[in-house]
Amino acid sequence: MRIFVAGGTGVLGRPLVEALVDRGHEVTASTHRTENFSIIEALGARPALMDELDDAAVRRAILETEPEVIINQITALSVPSRDYATWLAVTNRLRSEGTKTLMPAAREAGTRRVVAQSASFMTQPVGSDPTDESSPLYLEAPEPIRSHIQANIAAETLVLGTPGIEGVVLRYGFLYGEGTAIGPGGEWATGVKSGDVPIVGEGAGRYPFVHVRDAVSATVQAVDRGSPGIYNVVGDEPAPQAEWLPYLAEILDAPPPRRVSEEEAEEQIGVQAVYYGTQLRAASNAKAKSELGLTLEYPSWREGFRELFG
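Keep in mind that this is a model prediction, so the values were computed, not measured.

Asks: Explanation requested: the sheet that holds strand E5 (residues 113-119) in the structure shown.
Replies: Backbone-to-backbone hydrogen bonds pair the strands of a sheet. The strands run either parallel or antiparallel. Spatially, the 7 strands line up as an open sheet ordered E3-E2-E1-E4-E5-E6-E11, and their pairing is parallel. Two strands lie at the open edges of the sheet, namely strand E3 (46-49) and strand E11 (229-233), each paired on one side alone. Going from strand to strand, the sheet's axes swing by 20 degrees on average, the running direction of each strand aside. The pairing of strand E2 (residues 26-31) with E3 spans 4 bridges and is parallel. Looking at the pairing, Thr-31 lines up with Leu-49 of E3. Lying on the sheet, helix H5 (residues 145-161) is in contact with E5, strand E6 (166-172) and E11; it crosses E6 at an angle near 150 degrees. Sitting on the sheet, helix H7 (residues 212-222) is in contact with strand E4 (69-72), E5, E6 and E11, with an inclination near 170 degrees to E6.

Pasting the structure below:
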């Protein structure tokens, strides 16, 4: 197929482009920097210069390619994240404004299916059972969490609601692996090693981790499998913060993580630290397994972390 990968040089973009090319697809991958052209060409794909916040550039790139399938992996999350709201601001615009431009261009180009990235960690912090794709989202969350959830909802609505296009939304869990924050040299790993990442309160927040390779595999499957709709792409084993942080610290030969109260976490880090650390619920991948054929190379974050850093 002719496939257009928006954001072809990111943590997910590069291995995804490589996997699609290996399957024999004709792949065009976008970047907003010409210096990345050689990276895309080395992967066996055709580069396209595109800023997803530039309406004319998006329309031109899509119409020139006439892709049968578009996979939207564009984010701006590779920059440092010391200020959570600032870190998410551009990605929020890419999700809401960028998708608003992308979907009409896809329809005009005759694209059959659009697969788009979203997040599985947006649900209301109520209840103890794992969430699924129908679970209520945390619409009343404090800022800046709320703005990110609203941007994801806006993007999901556009992808799923554009007439004539099969919309597939992949709600990834927290990515770990090479090039991610939870990878060698990554921001989280560095923070854990230096003792700067604390357990918040009881650390009951259950992180839905997923290895980059498993996220790529699910995305490749979504090109031609699964009904239109939303899918959680997460591992089998939720990770309570009170378990994964000490486990990772031990692997990294780092000091045991300190503990802070919810009040201290909110003051020192932000409200997101309290939500993720104490309130986050586990997410189920049952739908992705049954409809996308998701098969996990790393069902447990424990074995994934151990291999990644071992």
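Asks: Teacher, can you tell me more about empty space enclosed by the protein here?
Replies: Taking a probe equal in size to a water molecule and rolling it over the atoms shows the remaining empty space. Counted by the stated rule, this structure contains 4 cavities of 30 Å³ or more. Class assignment of the residues belonging to the lining of the largest cavity gives a composition of 7 nonpolar, 1 polar and 2 charged.

Asks: Can you walk me through the packing of helix H3 (residues 55-65) against helix H4 (residues 84-109) in this structure?
Replies: Two numbers describe a pair of packed helices, the interaxial angle and the distance between the axes. H4 packs onto H3 with a crossing angle of 30 degrees between their chain directions and a minimal axis gap of 9 Å. The pairing of H3 with H4 is recorded here as roughly parallel in orientation. As H3 packs across H4, the resulting crossing turns out to be right-handed. In this structure, H3 contributes Asp-55, Val-58, Arg-59, Ile-62 and Leu-63 to the contact, and H4 contributes Thr-101, Leu-102, Ala-105, Ala-106, Glu-108 and Ala-109. Looking at the contact of H3 with H4 residue by residue, the class counts come to 7 nonpolar, 1 polar and 3 charged.

Asks: Teacher, can you tell me more about the packing of aromatic side chains here?
Replies: Each aromatic ring pair is specified by the distance between its two centres and by the angle formed by the two planes. Applying the stated criterion across every chain yields a total of 21 aromatic pairs. Consider the rings of Trp-188 and Tyr-207, whose centres lie 6.3 Å apart with planes at 80 degrees: the pair is edge-to-face. Note that Trp-188 is positioned in helix H6 (residues 187-193) and Tyr-207 in strand E9 (residues 206-207), a separation of 19 residues in sequence. Taking 5.6 Å as the distance between ring centres and 65 degrees as the angle between the ring planes, the aromatic pair formed by Trp-301 and Phe-305 counts as edge-to-face. Of the two residues, Trp-301 and Phe-305 are both situated in helix H12 (residues 301-309); the distance of 4 residues between them amounts to about one turn of the helix.

Criteria and cut-off values
- Residues numbered from 1 in each chain as written.
- Predicted model: local features only at pLDDT ≥ 70, side-chain atom pairs only at ≥ 80, totals over all residues.
- Heavy atoms only, no water.
- Pairing = 2+ DSSP bridges.
- Helix = DSSP H or I, 4+ residues; strand = E, 2+ residues; numbered from the N terminus.
- Axes fitted to C-alpha atoms, helices over the stretch in contact; angles between N-to-C directions.
- Contact = heavy atoms within 4.5 Å.
- 1 Å grid on protein atoms, 1.4 Å probe; cavity = no way out; pocket = protein on both sides within 12 Å on 5 of 7 lines; lining within 4 Å.
- Points joined across faces, edges and corners; volume = space filled by probe spheres on them.
- Nonpolar A, V, L, I, M, F, W, Y, C, P; charged D, E, K, R; others polar.
- Parallel < 35°, antiparallel > 145°, perpendicular 65-115°, else oblique.
- Left-handed = near helix turned anticlockwise from the far one by under 90°.
- Phe/Tyr/Trp six-rings, centres within 6.5 Å; stacked < 30°, edge-to-face > 60°.

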